[in-house]
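If you want the building blocks of each chain, they are given just below.
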Amino acid sequence: MNLISGIDVTAGALNAHKTRLDVVAQNIANAQTTRGPNGTAYQRQIVSFESELLRRSVGGGLPLQSVRVAAISTDRTPGQQVHNPQHPDAGPDGTVTMPNVNLSYEMVDLITASRAYEANLSVVKNAREMALKSLQIGK
Amino acid sequence: MAPALLIRRRMIDPIFQTDNYQLARKLLDAAVLRHEAIATNVANAETPGFRRLDLSPDFATQLKSRIAAGNFAQTADSIRPQLSEDQTARSIRPDGNTVEIERELLMMNRNVVEHEFLSEIVSRNIKQLKLAITGRAM
Amino acid sequence: MNPIGSINVLQGSPLQRTDAPLPKIGLPQATPNISAPSEGFGTMLDGLVGTVESKQAAAQAATRRVLLGDSDQLHQSVIAMQEASVAFTMMVEVRNKLVESYQELMRMQV
């Protein structure tokens, strides 16, 4: 039963943006992690989206597309080398490899992803209001 | 059978066949469909090359010509609203995506109010008929 | 005093006798409804039943499409159900009025 119009399209986008938010939050949390489970510094992760064709629209048959997460990949760019001999993870030459997380980029990503998520959320809220109003016809 | 058909057409259907009532029903279809277009546009706000969708302009022109011709109530079923790519949208991004989130959200707000207005028209017609029949506001 | 007698004085006048048959006026043939009221209301009730059936069938079809997920036109289903309910109410009210008038007729002292 598809009672709220466009809900499958909006749900796909909400899921995708939520995943992106989660990954950005993880990047920010690990901005200073110099030793991860595999022994090396944390490498930031990137979410890539892809279009998915959902169905045809009612009446016209125009195909509707939404977005979904294609892959969560690791950014292989090597992180900055900082000279800090006192650091527990410093190498023999006294440098520490920092995670390749740039906080300004991540903050911008966070804001963009939040706004996109909120926009889709308001779309589905309004769709629900329209459906509820339809139920009140004639009452 | 023929007299019964005539009487039926004279009884209930003329009330439900008025132009305003049928027009409101058709426009309700269009409002729900337009929301689907807006939902798709907002979901694809960052998809490269995506062109925004909206109601086909020929739906409005067809409606107007049928109303002017005066035979709207009988032929209402043949006009159906459809979605198509909005040809008038300009691309403000280098990748050809024509969706502007703020415009979409504003249009969505307007669409919701339009939907409420149309629901109110339909509702009022039905309630008026009920009042006329039973003498009580059911 | 015979009130009728005073009218008989006018017998010889150019005025027509009151008991002379009236000339035939061409009445329109729409009067059959008035001459046989039960017949007119009977066909009206038949027509209403037909309307109610068709409207309820439309409402059921629209609702089934929504329930099965074939369409998301929730508002059309609601409107169809309301129209069917209005048609049904109209039929019920016509029936009530018919029964009331019949009972009224039966109560009349002949």
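Since the model is a prediction, treat every value here as computed from it, not as a measurement. (Residues numbered from 1 in each chain as written. Chains lettered and ligands numbered in written order. Predicted model: local features only at pLDDT ≥ 70, side-chain atom pairs only at ≥ 80, totals over all residues.)

### Details of the overall build of chain C
Scanning chain C from terminus to terminus reveals four helices and zero strands. Starting at the N terminus, the α and β elements of chain C follow one another as α-α-α-α. Split into buried and exposed, the 110 residues of chain C put 22% on the buried side. The contacts of chain C with a sequence gap of at least 6 include a subset with a gap of at least 24, amounting to 52%. (Helix = DSSP H or I, 4+ residues; strand = E, 2+ residues; numbered from the N terminus. Buried ≥ 20, exposed ≤ 12 C-beta atoms within 10 Å, placed from the backbone. Contact = placed C-beta atoms within 7 Å.)

### A closer look at the overall build of chain B
Scanning chain B for helices and strands turns up six helices and two strands. Shown N-terminal to C-terminal, the secondary structure of chain B runs as helices and strands in the order α-α-α-β-α-α-β-α. With 138 residues in all, chain B has 32% of them scored as buried.

### Observations concerning the interface of chain A and chain B
For interface size, the figure often reported is the accessible area lost on association. Contact residues are listed per partner, giving 29 residues for chain A and 29 residues for chain B. Element by element, the count of residues in the side of chain A that touches chain B is highest for helix 2 (residues 103–135) of chain A, at 11 residues.

### Structural notes on helix 6 (residues 101–134) of chain B
All names here are of chain B. Across its 34 residues, helix 6 extends 49 Å between first and last C-alpha, which sits within 8% of the 50 Å expected from 1.5 Å per residue. When we look at burial in helix 6, the residues that qualify are Met108, Asn111, His115, Leu118, Ser119, Val122, Asn125, Ile126 and Leu129. Looking one or two residues past helix 6, Gly135 carries a phi angle of roughly 75 degrees, positive in sign. (Expected span 1.5 Å × (residues − 1).)

### As for the packing of helix 6 of chain B against helix 4 (residues 74–107) of chain C
One way to put it is that helix 6 of chain B packs onto helix 4 of chain C with a least axis distance of 9 Å and a crossing angle of 10 degrees. Classed by the angle they form, the pair helix 6 of chain B and helix 4 of chain C counts as roughly parallel. Within the contact between the two elements, helix 6 of chain B uses B:Val122, B:Ile126, B:Leu129, B:Lys130, B:Ile133 and B:Thr134 and helix 4 of chain C uses C:Ile79, C:Gln82, C:Val86, C:Thr89, C:Met90 and C:Glu93. Of the residues belonging to the contact of helix 6 of chain B with helix 4 of chain C, the class tally is seven nonpolar, three polar and two charged. (Axes fitted to C-alpha atoms, helices over the stretch in contact; angles between N-to-C directions. Parallel < 35°, antiparallel > 145°, perpendicular 65-115°, else oblique. Nonpolar A, V, L, I, M, F, W, Y, C, P; charged D, E, K, R; others polar.)

### Quick notes on the nonpolar core
The biggest cluster of nonpolar side chains holds 56 residues, and the ones touching the most others in it are A:Val123, A:Ala127, B:Leu28, B:Ala39, B:Val42 and B:Val122. Among the elements of the structure, helix 1 (7–29), strand 2 (63–74) and helix 2 of chain A, helix 3 (19–43) and helix 6 of chain B together with helix 3 (37–67) and helix 4 of chain C are those that each provide at least two residues to this core. Those residues in contact with A:Ala127 that lie beyond four places of it in its chain are A:Ile4, A:Ser5, A:Gly6, A:Ile7, B:His35 and B:Ala39. (Core = buried A, V, L, I, M, F, W, Y, C linked by C-beta atoms within 7 Å.)

### Observations regarding helix 2 of chain A
For helix 2 of chain A, spanning 33 residues, the distance from its first C-alpha to its last is 48 Å, which sits close to the expected 48 Å at 1.5 Å a residue. Among all positions in helix 2 of chain A, only A:Ala113, A:Ala116, A:Ala119, A:Asn120, A:Val123, A:Val124, A:Asn126, A:Ala127, A:Met130, A:Ala131 and A:Ser134 are buried. The inward-facing, buried residues of helix 2 of chain A contact helix 1 of chain A, helix 3 and helix 6 of chain B together with helix 4 of chain C.

### Focus: the interface of chain C and chain B
Taken together, the contacts link 17 residues of chain C with 17 residues of chain B. At the level of elements, helix 3 and helix 4 of chain C are the ones that each hand at least two residues to the side of chain C that touches chain B. Sort the elements by how many residues they give to the side of chain C that touches chain B and helix 4 of chain C lands first, with nine residues.

### Quick notes on the environment of A:Lys18
Residues and elements named next belong to chain A. Here Lys18 shows up in helix 1. Of the residues examined, Lys18 has 14 C-beta atoms within 10 Å and is grouped as partly exposed. Here the alpha-carbon distance between Lys18 and Ser73, two residues 55 residues apart in the chain, equals 16 Å.

### A short note on the confidence of the model for chain B
All names here are of chain B. For chain B, the mean per-residue pLDDT works out to 84, and 88% of the residues sit at or above 70. In the model of chain B, helix 1 (residues 2–11) stands out as the element of lowest mean pLDDT, 48, in contrast to strand 1 (residues 53–55), which has the highest, 93. Contacts of residues 4–9 to residues separated by more than four positions or lying in other chains number 11 contacts, the stretch itself having pLDDT below 50. (pLDDT = per-residue confidence, 0-100.)

### Details of the environment of A:Asn30
All names here are of chain A. Structurally, Asn30 is set in the loop between helix 1 and strand 1 (45–56). Residue Asn30 is classed as partly exposed on the basis of its C-beta count, with 17 C-beta atoms lying within 10 Å. Spatially, the C-alpha atom of Asn30 lies 35 Å from that of Leu54, the residues being 24 residues apart in sequence. In this structure, Asn30 is in contact with Tyr42, Pro99 and Val101, ignoring residues within four places of it in sequence.

### As for the packing of helix 3 of chain B against helix 6 of chain B
All names here are of chain B. Put simply, helix 3 and helix 6 touch, their axes get as near as 9 Å, and they point 155 degrees apart. Classified by the angle their axes make, helix 3 and helix 6 are roughly antiparallel. In terms of crossing hand, the pair formed by helix 3 and helix 6 is left-handed. Two secondary-structure elements touch here, helix 3 through Asn20, Tyr21, Ala24, Arg25, Leu27, Leu28, Ala31, Arg34, His35, Ile38, Asn41 and Val42 and helix 6 through Ile101, Glu104, Met107, Met108, Asn111, Glu114, His115, Leu118, Ser119, Ile121, Val122 and Asn125. Class assignment for the residues of the contact of helix 3 with helix 6 results in 13 nonpolar, seven polar and four charged. (Left-handed = near helix turned anticlockwise from the far one by under 90°.)

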